[in-house]
Amino acid sequence: MSDPNDLIEIFGAQNPDRCGDVIFVHGLGGDARGTWHPQERRDDNNFWPAWLGQDLSDVGIWSLAYQVEPFRWKGNSMPLVDRATNSLDLLDSYEIGDRPIIFVTHSMGGLLVKQMLRSARDFGKWQAIASRTKGIVFLSTPHSGSDVANWINYIGTILRTTVSVEELEAHHSRLRELNLLYRNDHQFSEIPMLVYCETRPTNGILVVNQTSADPGIKGVIPIPMDVDHISICKVDDKKNRIYRQVKRFVNQNLQPFSDKLTSLPLGTSPLNPPILGDFNSISPQSWGARGAKLAVTTPLAPIQPKAAVNPDSNPDSKEEEEKKKLMMD
């Protein structure tokens, strides 16, 4: 039986010379594959995460699988903070953080990523994941909660909701505090973001309204789309606007690192740093975290000082001294 909490390799994840990683993160009741597939199939690679890998061959594409169900009879759910810690350790086990990262998120998946980056920085252990995140795509993420969670909790006395639904309630204090942090924190507010939101109801309910879909970051404009909460993440072909814009977003924010990769000396890469003699010409930052660690832990051999020259032992110096005496006479 496969682990329901895992990082699924979609395309190019085994390429040691890839310039970055793109990680898809589903939301409440979602699936690592089905959420992104037009027919919700879980056994078919003909979906847009794989297309992205085909079009951007120097990027690794992954999808995060984790348990997050609205009702207890369907499965388990952790509180957001615990799930963030669990997911950070999972990503670290796959060496995510050695390269630049872009997250593509749907619904609650966006909240999970925000909490992950906060925990990564606060705990320090996974600081590389926070510092190397170069972009986040939010597809109908309820930054200030969802009214539908209030409605689900209303009927929850019968169906028994999970803690994940409780934390999704509109204006929940945890979401409000997380939202304020991202709006006012220099590091997090500077992360490039691409935001799309639904305008059509799902089964008669607008799951995430445009106000909640707005992260409130200066310069970030939520784009309303003629889709509902379910279909916004199920791109059906490469002509789809969301696909084109996400591909462009990934390319723009990872391209500088791809350029650095191609400019390194022959036979080197971000994870295969240049020989020690090249350290003066290439900074550790240009070839990744592991290379930087090597630079610190592998010191250069000390430079031996040149021996001082004794002028009395130098024949040329004695000859010059004799000439000076003759001129003085």
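Please refer to the structure placed before this passage.
Cut-offs and rules
- Residues numbered from 1 in each chain as written.
- Predicted model: local features only at pLDDT ≥ 70, side-chain atom pairs only at ≥ 80, totals over all residues.
- Heavy atoms only, no water.
- Salt bridge = Lys/Arg side-chain N within 4 Å of Asp/Glu carboxyl O.
- Helix = DSSP H or I, 4+ residues; strand = E, 2+ residues; numbered from the N terminus.
- Buried < 20%, exposed > 50% of the residue type's maximum accessible area, 1.4 Å probe, protein only.
- Axes fitted to C-alpha atoms, helices over the stretch in contact; angles between N-to-C directions.
- Parallel < 35°, antiparallel > 145°, perpendicular 65-115°, else oblique.
- Left-handed = near helix turned anticlockwise from the far one by under 90°.
- Contact = heavy atoms within 4.5 Å.
- Nonpolar A, V, L, I, M, F, W, Y, C, P; charged D, E, K, R; others polar.
- Core = buried A, V, L, I, M, F, W, Y, C linked by side-chain atoms within 4.5 Å.

Draft legend 1. Spotlight on the pattern of salt bridges. Under the defined criterion, the tally for this structure stands at 10 salt bridges. For Lys247, the salt bridge identified is with Asp55, shortest N-O distance 3.7 Å. Pair noted here: Lys247 is in helix H11 (residues 241-263) and Asp55 is in helix H1 (residues 48-55), with a separation of 192 residues, a long-range link. Judged by relative accessible area, which is 29%, Lys247 ranks as partly exposed.

Draft legend 2. Fine view of the packing of helix H3 (residues 108-123) against helix H8 (residues 173-184). The interhelical angle for the contact between H3 and H8, taken along N-to-C directions, is 65°, at an axis separation of 11 Å. The angle between H3 and H8 places the two elements in the roughly perpendicular class. Handedness of the H3/H8 crossing: left-handed. Across the interface between the two elements, Leu111, Val113, Lys114, Gln115, Leu117, Arg118 and Arg121 from H3 touch Leu175, Glu177, Leu178, Asn179, Leu181 and Tyr182 from H8. Of the residues contributing to the contact of H3 with H8, the split by class is seven nonpolar, two polar and four charged.

Draft legend 3. Representation of the nonpolar core in the model. Ile23, Val25, Leu64, Leu91, Phe103, Leu112 and Leu117 are the most contacted members of the largest nonpolar core, which has 38 residues in total. A per-element tally of this core places H3 first, with seven residues. Not counting the four nearest positions on each side in its chain, Val25 is found in contact with Trp36, Leu64, Tyr66, Phe103, Val104, Thr105, His106, Gly109, Leu112 and Val113. Counting residues in hydrophobic clusters, the runner-up holds 29 residues, among them Cys19, Ile61, Cys233 and Val250.

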